Structures are given as structure tokens and as C-alpha cells.
Amino acid sequence: MTVSETEYIKQDAASRVQVLSEALPYIQQFIGRTIVVKYGGAAMKDSNLKDKVIRDIVFLSCVGLRPILVHGGGPEINSWLDKLGIEPQFRNGLRVTDAPTMDVVEMVLVGRVNKEIVALINQAGGSAVGLCGKDGNLIKARPQGDEGIGFVGEVNNVNIKILETLVNNGYIPVVSSVAADEIGQPYNINADTVAGEIAAALGAEKLILLTDTRGILKDYKDPSTLIPQVDIQEARELIATGVVSGGMIPKVNCCVRSLAQGVKAAHIIDGRIPHSLLLEIFTDVGIGTMIVGSHLQITG
């Protein structure tokens, strides 16, 4: 081995140790705390990114945090609807979910996507358990209410007993966003909403939404205009003035609702960046937008 190669290995090792050292105060701060992660977008489709998200979740669990993973699975639903000759339809950004579509949504999210994530976490050395809203009465659904969108639901109630039982025993719950109403009718619920309501019900330390954008941008075309931190009031103003628009509005609203119900901090981060979860939680700079109740809070 040449001198320069030895030097490189030393530097590489030194930088890894530096990273671990920087992570220590965050690990100490968040040990035993619940972190709810909404998993979706490119991080779910790209196998390389998927592997890194799974490792990050296992890492969180190994260093004493209590991660809960909530997922959707839009692209996979579309590909199965296509195989079955059912035309996907959307209205106001929501999937129109008639009875045949609901059957496919439930089969794909609960039977296929959920179990794949569970298997990947277990392969990476974690202990994952797959759930949907029906399990242990975790989520009771109600109709979302818009005309003509079928079985699209909202969260009526969250019963956290099953989640607490699992995380208290070292398991990582993996939750798919399907739930039933009091008469057993299944509903498709937006996964961001499910993650936000679970985080609120648990009084989680953090709600983290993995997205396909850097975070909240002053100019959505320019990634360098990332806004690293806002409070609830500023977030509402950004929606009112149109800085936050389109698909970001429900994400920001979901964060604001969870903060108003006691979640300490909500993060919108770019799941296309490898290990974005660890970068946001365990480094001084963070990488996305953190939304807090007010700037008076101690942030981290």
C-alpha cells in the first residue's frame, strides 16, 4: 500500500469518527424518543435509496430511538391497476377510489408493499412488524367527504396501544395507510395524514416526511432557496402568499396540525439524498426544512 493510500484511509477513518462524534449529543438528546417517518417518493422506487432508508431506520432503532415507519405506495398501486385493466383516476390530487380500486389499494399496500419493507428491515438487522389501520384498532377511518372520490378516508381516531406495545419491546412498526370505519368499510388514507396523526397521538419527538423536494423553497424552481426553519405562523403565511403551493400544501398543513397537537418538530426532507434521515437528525446543519411550534423552542 502506498503512503498516499494509507493517508487517504486515515483521513477517511478520521472523517467517519468525526461524524460519529458529532452525532453523539443528538443520540443523547433523542434516546428513547419516538420518531415517525413517512416513507414515499423516489426513496421508495430507487433500490439504492431504499436500501439506505432501511439502514437509517435500523440505525435509529439500534442507537435507542423509537422509529415508526408509515408508507404509501402510489406507483405500485398504479402498476397493479394497469395489470388488472383498471384506469387510475385523480380528482383534486386525490385518488378516486371506487370499490374495485379499493380492493387493489388494500392488496398492494397491506399485502405487498408493507411486507416488502418489513422483510428489508429484518434483513438489515432490525425487528419490524407490519400493520395497517385495522390492526389492533390502530386507526378508525371516516369518509374524506369530497363528492365523487369514493373510499378516500380521513383519520377519525388513533389508538396507540398496539404501537406502544411494539416500540416498548424493541420492534419497528411499519404502518400502511389503509383503515376501516366502524362498520368495517376499508378506506384509502393519505400516508402523510396518517403519519401526522400517529405522531400527534404518540406525542412524538419528530415527524419526518421524506419527499422528492429539498424542503420548503422560496422559489420552487431554485433548490438554493431552501428555507431551513419556519414556525407554525410563518408556515401558514407561506401558504397564504402562495410560496407553498400544489402538493406541498397538504404536507405543510399535515406538519402544522401535528405540531399544534404536541409533536416537537416536523421535517420535510429530500428522500433523494442518500441517508437524508441521518443527516437531518444527527448533524448540526440538517438538510431539509424544520417546522417548529415557535422559534422560542430549543431546536435540534
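Reading the values: rules and limits
- Residues numbered from 1 in each chain as written.
- Predicted model: local features only at pLDDT ≥ 70, side-chain atom pairs only at ≥ 80, totals over all residues.
- Heavy atoms only, no water.
- Pairing = 2+ DSSP bridges.
- Helix = DSSP H or I, 4+ residues; strand = E, 2+ residues; numbered from the N terminus.
- Axes fitted to C-alpha atoms, helices over the stretch in contact; angles between N-to-C directions.
- Contact = heavy atoms within 4.5 Å.
- Phe/Tyr/Trp six-rings, centres within 6.5 Å; stacked < 30°, edge-to-face > 60°.
- Buried < 20%, exposed > 50% of the residue type's maximum accessible area, 1.4 Å probe, protein only.
- Polar contact = N/O pair within 3.5 Å; in protein donor to acceptor, adjacent residues only side chain to side chain.

A. How the structure looks around the sheet that holds strand β8 (residues 172-176). Strand order in this open sheet of eight strands is β5-β8-β2-β1-β11-β13-β14-β12, and the pairing throughout is mixed. Single-partner strands in this sheet number two, and they are β5 (128-132) and β12 (229-231). The average angle at which neighbouring strand axes cross in this sheet is 20 degrees, direction not considered. Bridging between strand β11 (residues 206-211) and strand β13 (residues 265-270) involves six bridges; their strand directions are parallel. By the bridge assignment for β13, Leu-209 is matched with Ile-268. Lying on the sheet, helix α6 (residues 161-168) is in contact with β2 (66-71), β5 and β8; it crosses β2 at an angle near 130 degrees.

B. Looking closely at the packing of aromatic side chains. All told, the structure shown has two aromatic pairs when counted by the stated rule. With a centroid separation of 5.8 Å and an interplanar angle of 65 degrees, the aromatic rings of Phe-59 and Phe-282 are classed as edge-to-face. Taken as a pair, Phe-59 in helix α3 (residues 47-62) and Phe-282 in helix α10 (residues 276-282) lie far apart in primary sequence, 223 residues in all. Exposure remark for Phe-59: the relative accessible area of 29% places this residue in the partly exposed category. Exposure remark for Phe-282: the relative accessible area of 4% places this residue in the buried category.

C. Region of interest: the side chain of His-71. With respect to the helices and strands, the residue His-71 is situated in strand β2. His-71 gets classed as buried once you look at its relative accessible area, which sits at 0%. Separated by 3.2 Å, the side chains of His-71 and Asn-114 make a polar contact. Residues in contact with His-71, not counting those within four places in the same chain, are Tyr-39, Met-44, Leu-109, Val-113, Asn-114, Ile-117, Val-174, Val-175, Ser-176, Ser-177 and Ala-191.

Purely geometric stuff here, so don't read any function into it on its own.
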